[in-house]
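Residue-level structure breakdown
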Amino acid sequence: MSHTIHDFRGKLLQPALRDHMRAYVDWRKALGTARKEGKPAPETPDLAPISINLDLTTACNYRCDHCIDWDILNSRHKHVEAELRRSVERMAGRGLKSVILIGGGEPTLYPGFAGFVEFLKGLRLQVAVVSNGGRGNRLLEAAEHLDEHDWIRLSLDSGSNDLFLAMHKPVDKKLDLDSICEWIPKIKERNPRVRVGFSYIIVWKGAERSGVEIHENIHEIVMATERAHRYGFDYISLKPFLERSPEGAEVMDPTHAQEELDAIVRRIRAEVDRAKCLATEKFDVYESTNLRVLEEGNWKDYTNQPRTCHMQALRQVLTPTGLYNCPAHRGEHKALIAGPQAYCDDDASRGTSEGLLKILDGFDASHECREVTCLYNGVNWWIEKMIEDPREDVDLPLADERLDYFL
Ligand code: SF4
């Protein structure tokens, strides 16, 4: 998994996804040709994204200083459940293959969370849950519906109770890192097939959000890894802290650090190496691509995007405030494709297709994402080249079917 999770090109060439890719590339090629020749534009194909991030709620029961979605939390916007279900059903009929229940709030706080997971599985979608772990009982209920291609990942970012409480500030004063981790053996007992991960965002001294300094946690990487192993998580994933740029995008910006970047990277490296020694056949220690590029010092290479971001058509973010083009821009007006009705009926779907065409034309990723260390950088350039290739039929070779449809 570590080597393939961000291999988006390999994922898009899986037999189950390749035709969807082909339809997108063919449409963009035909559109480019029609525009050059002054002919009428071909119809936008009736496709949904392959994968969505679905923010079920903006409510959150933590008050983390480092939260990337701080501005949209607890904003009282809500999905209309019937519309949301219809939207997802229609998407599933048009190529949607996976749903990540995630951010902008804590998904398990959504009323009827486990029932919603059951509904998604009834549509044969792959489902992932990114949670703060504060409602272990709801994760346990939802886990019953998941299978070996689904996963749950808890954002914990600490090895000790003290640092956990300082970083996350749960509203429920009885919660701590121990009580959250105690749910993992129960979840695994209820459903051993579902993978459960411990997510650790690495924060260095001087990292901040809107002027608020965030707790450093480099020194607890190993402690957290031992903990994750002890409680029966399948893996820990280590990734660097992201900030919101003044323009709203999520960016990796180690320039605020109070130590020299080299010194920070050396400290992180040493801790990650020690953590990696704790990996076993049943327990993995993953470094995120962002962490690798931070260490290699080449993160700027991932900020050079093509003008058109093609991932906007293949992976979208559905939230109670609307449908957005990318997790890095969720909640920003310029990234809005459509309202929260998204794909719920013919009219909404038509509006969404128009919104998508507009954003593919008008959202200049080479400018808007110029500070984002974008994990989709390589796949975007690959798609761009295929579309620009003058040959009518560019080669889209089939890759192995890995049954991994998360983008
Ligand atoms: S280029 Fe990257 S960061 Fe920008 S919208 Fe596309 S996927 Fe998101």
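Everything here concerns the structure above.
Here we summarise the structure given alongside this text. It should be emphasised that the depicted structure is a prediction, and the values quoted were computed from it without experimental measurement. (Residues numbered from 1 in each chain as written. Predicted model: local features only at pLDDT ≥ 70, side-chain atom pairs only at ≥ 80, totals over all residues.)

1. Topic: helix α4 (residues 113-122)
Along α4, the positions that sit buried rather than exposed are F113, F116, V117 and L120. Down the axis of α4, the buried set is contained in an arc of 100°. They therefore lie on one face. Against the buried residues of α4 lie α3 (81-92), β2 (98-102), β3 (126-131) and α5 (136-143). R124 sits one or two residues past α4 and shows a positive phi near 65°. (Buried ≥ 20, exposed ≤ 12 C-beta atoms within 10 Å, placed from the backbone. Helix = DSSP H or I, 4+ residues; strand = E, 2+ residues; numbered from the N terminus. Arc of directions from axis to C-beta. Contact = placed C-beta atoms within 7 Å.)

2. Here's the deal with the site of the ligand
Neighbouring residues of the ligand: 13 residues in total, closest C309, C326, A365, C369 and C374. Its residues assigned to classes, the shell around the ligand comprises nine nonpolar, four polar and no charged. (Near = placed C-beta within 6 Å. Nonpolar A, V, L, I, M, F, W, Y, C, P; charged D, E, K, R; others polar.)

3. What about the sheet that holds strand β5 (residues 195-202)?
A sheet is described by the order of its strands in space; here ten strands give the open sequence β11-β8-β5-β4-β3-β2-β1-β12-β13-β14, paired in mixed fashion. The open sheet has two edge strands with one neighbour each: β11 (284-287) and β14 (336-338). Averaged over all adjacent pairs, the angle separating strand axes in this sheet is 25°, with direction ignored. Looking at chain direction, β5 and strand β8 (residues 235-240) are connected through six bridges and run parallel. If you follow I201 over to β8, its bridge partner there is K239. (Pairing = 2+ DSSP bridges. Axes fitted to C-alpha atoms, helices over the stretch in contact; angles between N-to-C directions.)

4. Considerations on the pairing of β3
The element β3 is extensively covered by neighbouring structure, given that five of its six residues are classed as buried. Relative to β3, β2 runs parallel, the two being bridged by four bridges. Pairing of V99 across the sheet is with V127, part of β3. In this region the chain leaves β2, passes through α4 and returns to the parallel neighbour β3; the handedness of that crossover is right-handed. As judged from the four bridges shared by β3 and strand β4 (residues 151-155), these two strands associate in the parallel manner. By the bridge assignment, V130 is partnered in β4 with R153. (Right-handed = clockwise from strand over helix to strand, strands pointing away.)

5. With respect to the packing of helix α9 (residues 221-231) against helix α10 (residues 261-276)
In contact at an axis separation of 8 Å, α9 and α10 are set at 20° when each is read in the N-to-C sense. Taken together, α9 and α10 sit at an angle that is classed as roughly parallel. Taken as a pair, α9 and α10 cross one another with a handedness that is right-handed. On α10, the residues that touch I221, V222 and T225 of α9 are E271, V272, R274 and A275. When its residues are assigned to classes, the contact of α9 with α10 shows four nonpolar, one polar and two charged. (Parallel < 35°, antiparallel > 145°, perpendicular 65-115°, else oblique. Left-handed = near helix turned anticlockwise from the far one by under 90°.)

6. Looking at the pairing of strand β12 (residues 315-319)
The element β12 is extensively covered by neighbouring structure, given that five of its five residues are classed as buried. Judged by which residues are buried, β12 turns out to be covered on both faces: R315, V317 and T319 on one side and Q316 and L318 on the other are all buried. Looking at chain direction, strand β1 (residues 51-55) and β12 are connected through four bridges and run parallel. Bridge assignment links L54 to a residue of β12, and that residue is L318. Bridge analysis of β12 against strand β13 (residues 322-324) gives three bridges, and the strand direction is antiparallel. Residue pairing in the sheet places L318 in a bridge with L323 of β13.

7. Details of the environment of A228
By the element assignment, A228 lies in helix α9. Taking C-alpha positions, A228 is 8.2 Å from G197, a pair spaced 31 residues apart along the chain. Contacts of A228, omitting those with residues within four sequence positions, involve F198, F233 and I236.

8. Thoughts on helix α13 (residues 346-362)
With 17 residues, α13 ought to run about 24 Å at 1.5 Å a step, and its terminal C-alpha atoms sit 24 Å apart, in line with that. Buried within α13 we find A348, S349, T352, L356 and I359. The buried residues of α13 occupy one face: seen down the axis, they fall within an arc of 95°. Facing away from the buried side of α13, by more than 90 degrees, are the exposed residues D346, D347, D361 and G362. On its buried face, α13 sits against α3, α12 (311-314), β13 and β14. (Expected span 1.5 Å × (residues − 1).)

9. Quick look at the nonpolar core
L101, V127, Y200, I202 and I236 are the most contacted members of the largest nonpolar core, which totals 106 residues. If near-sequence neighbours (up to four positions away) are discounted, L101 is found in contact with L54, L56, P107, V127, A128, V129 and V130. (Core = buried A, V, L, I, M, F, W, Y, C linked by C-beta atoms within 7 Å.)

10. What about the packing of α5 against helix α8 (residues 183-190)?
Between α5 and α8, the shortest axis-to-axis distance is 9 Å and the interhelical angle comes to 15°. When the axis of α5 is compared with that of α8, the two are roughly parallel. The handedness of the crossing between α5 and α8 is right-handed. In this structure, α5 uses G136, L139, L140 and A143 to contact α8, whose residues at the interface are W183, K186, I187 and R190. By residue class, the composition of the contact of α5 with α8 is five nonpolar, one polar and two charged.

11. Re the environment of L291
Structurally, the position occupied by L291 is in helix α11 (residues 289-296). L291 sits in the buried class, given 22 other C-beta atoms within 10 Å. Residues L291 and E208, spaced 83 residues apart in sequence, show a C-alpha to C-alpha distance of 18 Å. Once residues lying within four places of it in the same chain are set aside, the contact partners of L291 are I202, L238, K239 and P240.

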